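Close look at the chain arrangement
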Amino acid sequence: MSAPDARRPDDRRALVQPELRPGERLLWSGGPDEAVTFGRNDLFLVPFSLLWCGFAIFWEVSVLREGASVFFVLFGGVFVAIGLFFVVGRFLLKRARKAKTGYAVTDQRSFLVVGSTVHQAPAKQQKTEVSWSRDRTHVSVDWTDSTTGAIPFGARQRGLTNTGLDGVMSPLPMTFVDVRDGEALLRALDEAGRPEAR
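Report follows, based on the coordinates. No experiment lies behind these values; they were computed from the predicted model shown.

From N to C terminus, the chain includes four helices and seven strands. Across the chain, the fraction of contacts at a sequence separation of at least 24, relative to all contacts at a separation of at least 6, is 64%. As displayed, the chain has an accessible area near 11200 Å², and 61% of this comes from carbon and sulfur atoms.

Here is the structure:
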């Protein structure tokens, strides 16, 4: 018997269900599409990571050929490892994280579950930034502070969101990324924002 497909809404519901509070009404649940590999922020990070990794490998090969001390070999090895993570590892991490991520919108709040970590925004704080993919098949939603407009949970590192580096080099943001059924998500957010929903 095959393992359940984590991209199915029913499986995502199983991720968020344990986090529901007594009396809380679930309006929508879902998760990020694991098939989406590249995001907007990768337009800068991919060339940067290739340059980093290329230079680090060149350095490492040079010090090995010259018979440099162990210190220089280890020093270069650290940068090669970082470069390989930038080029390949972060995409593997992002895919693995997406598989265990669930999103939910309720009549009281919006929240995401990643493993044992939960981030949430109250329903009254439904000021969001919505971004559609170029072909309008996927949507991403960033929560902002309703008074300042700032994006909490690692706002300064927003450029790392959905790169595989978020959660490693910065806190995981309160963001729903690469959601396939975007219209249903946005309808649920609208319903949660209405006074009668609470």
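The next thing to look at is the environment of Ser140. Mapped onto the fold, Ser140 is located in strand 6 (residues 139–143). Since its relative accessible area comes to 17%, Ser140 is described here as buried. Considering only alpha carbons, one finds Ser140 and Leu185, 45 residues apart in sequence, at a separation of 9.9 Å. Those residues in contact with Ser140 that lie beyond four places of it in its chain are Glu129, Val130, Ser131, Phe176, Val177 and Asp178. Among the polar contacts made by the side chain of Ser140, one reaches the main-chain amide nitrogen of Asp178 at a distance of 3.2 Å.

With that settled, consider the nonpolar core. Ranked by internal contacts, the top residues of the largest apolar core, which has 20 residues, are Trp28, Val105, Phe176 and Leu185. If you tally residues by element for this core, the top one is helix 4 (residues 182–193), at five residues. With residues up to four places along the chain from it excluded, the contact list for Phe176 reads Trp28, Tyr103, Ala104, Val105, Ser110, Phe111, Leu112, Val139, Ser140, Val141, Trp143 and Leu185.

Bringing the packing of helix 2 (residues 42–65) against helix 3 (residues 70–99) into the picture now. Helix-helix packing is described using two parameters, namely the angle between the two axes and the distance between the axes. One can describe the packing of helix 2 onto helix 3 by two numbers: an axis separation of 8 Å at closest approach and a directional angle of 150°. It follows that helix 2 is roughly antiparallel to helix 3 by the angle criterion. The element helix 2 and its partner helix 3 pack so that their crossing is left-handed. Tallied by class, the residues present in the contact of helix 2 with helix 3 amount to 21 nonpolar, four polar and four charged.

This part takes up a nonpolar patch on the surface. A grouping of Phe71, Phe72, Phe75, Val78, Phe79 and Ile82 is seen on the molecular surface, where their side chains present a nonpolar patch of about 530 Å² in accessible area. Looking at the element boundaries, Ile82 is found in helix 3. Its relative accessible area of 32% is what places Ile82 among the partly exposed residues.

Within the open sheet, the three strands sit side by side as 5-6-7. Their pairing is antiparallel. The outermost strands of the open sheet, each flanked by one partner alone, are strand 5 (128–132) and strand 7 (175–179). Pairs of neighbouring strands in the sheet enclose a mean axial angle of 10°, with direction left out of account. Sheet topology note: the strand 5/strand 6 ladder contains five bridges and is antiparallel. Along strand 6, the bridge assignment pairs Val130 with Val141.

Our next topic: helix 4. Counted at 1.5 Å a residue, the expected span for helix 4 with its twelve residues is 16 Å, and the 17 Å between its end C-alpha atoms agrees. Taken together, the buried positions of helix 4 are occupied by Gly182, Leu185, Leu186, Ala188, Leu189 and Ala192. Down the axis of helix 4, the buried set is contained in an arc of 160°. They therefore lie on one face. Set apart from the buried face of helix 4 by more than 90 degrees, the exposed residues are Arg187 and Asp190. The elements touched by buried residues of helix 4 are strand 1 (26–30), strand 2 (101–106), strand 3 (109–114), strand 5, strand 6 and strand 7.

The strands making up a sheet associate through backbone hydrogen bonding, with each pair oriented either parallel or antiparallel. Taken together, the four strands give an open sheet; going across it, the order is 1-2-3-4, and neighbouring strands pair in antiparallel fashion. Two strands lie at the open edges of the sheet, namely strand 1 and strand 4 (117–122), each paired on one side alone. On average, each strand axis in the sheet is inclined to that of its neighbour by 15°, with strand direction left out of account. Sheet topology places strand 3 next to strand 4; six bridges connect them, and they run antiparallel. What sits directly across from Phe111, in strand 4, is Gln120. Each of strand 1, strand 2 and strand 3 is contacted by helix 4, which is oriented at about 150° to strand 1, the strand it contacts most.

Thresholds applied
Residues numbered from 1 in each chain as written. Predicted model: local features only at pLDDT ≥ 70, side-chain atom pairs only at ≥ 80, totals over all residues. Heavy atoms only, no water. Helix = DSSP H or I, 4+ residues; strand = E, 2+ residues; numbered from the N terminus. Contact = heavy atoms within 4.5 Å. Areas by Shrake-Rupley, 256 points an atom, 1.4 Å probe, with all protein chains shown as cover. Buried < 20%, exposed > 50% of the residue type's maximum accessible area, 1.4 Å probe, protein only. Polar contact = N/O pair within 3.5 Å; in protein donor to acceptor, adjacent residues only side chain to side chain. Core = buried A, V, L, I, M, F, W, Y, C linked by side-chain atoms within 4.5 Å. Axes fitted to C-alpha atoms, helices over the stretch in contact; angles between N-to-C directions. Parallel < 35°, antiparallel > 145°, perpendicular 65-115°, else oblique. Left-handed = near helix turned anticlockwise from the far one by under 90°. Nonpolar A, V, L, I, M, F, W, Y, C, P; charged D, E, K, R; others polar. Patch = residues over 30% accessible without salt bridge, like charges linked within 9 Å, V, L, I, M, F, W, Y side chains within 5 Å. Salt bridge = Lys/Arg side-chain N within 4 Å of Asp/Glu carboxyl O. Pairing = 2+ DSSP bridges. Expected span 1.5 Å × (residues − 1). Arc of directions from axis to C-beta.

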